[in-house]
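Here are the chains, one letter per residue:
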Amino acid sequence: SWSDHGLFSLSAAVTGQVALEQHIRALAVRERDGVTFQCSMSGVSMSRYYMFWYRQGPHGSLDWVFWEGDAYGEGFQDCLKGTVESSQSRFTL
């Protein structure tokens, strides 16, 4: 199950003058371990985009984890907390 071990990752996205950076690129975690992921955007306001977090599964599949509208993917709502601070261009999981 994903809760035993999970690999969370995000590739940096660059479009023109816009850059998206995840400060911890990838990390394996065990159940009940706490970890914070933070993503920041430069070059344009984050409020102009819909922000999502995905988890890469063991076979390369992508599982939707969180959407900035306070919506969580199946099985993630009870164990994760996501926030968006558009004024700070910060997206945290």
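The structure we're discussing is the one just above.
Taken residue by residue, a regular strand's side chains alternate between the two faces of the sheet. Of the two faces of strand β5 (residues 38-42), the one holding C39 and M41 is buried and the one holding Q38, S40 and S42 is not buried anywhere. As judged from the four bridges shared by strand β3 (residues 18-22) and β5, these two strands associate in the antiparallel manner. Across the sheet, E21 pairs through a bridge with S40, a residue of β5. Bridge count for β5 against strand β10 (residues 90-92) is three bridges, and the pairing is antiparallel. Bridged to Q38 within β10 is T92.

A few words on the packing of aromatic side chains. This structure, assessed with the given rule, holds six aromatic pairs. Feature note: the residues F37, W53, F66, Y72 and F91 constitute an aromatic cluster, connected by ring pairs.

Conventions and cut-offs
Residues numbered from 1 in each chain as written. Predicted model: local features only at pLDDT ≥ 70, side-chain atom pairs only at ≥ 80, totals over all residues. Heavy atoms only, no water. Buried < 20%, exposed > 50% of the residue type's maximum accessible area, 1.4 Å probe, protein only. Helix = DSSP H or I, 4+ residues; strand = E, 2+ residues; numbered from the N terminus. Pairing = 2+ DSSP bridges. Phe/Tyr/Trp six-rings, centres within 6.5 Å; stacked < 30°, edge-to-face > 60°.

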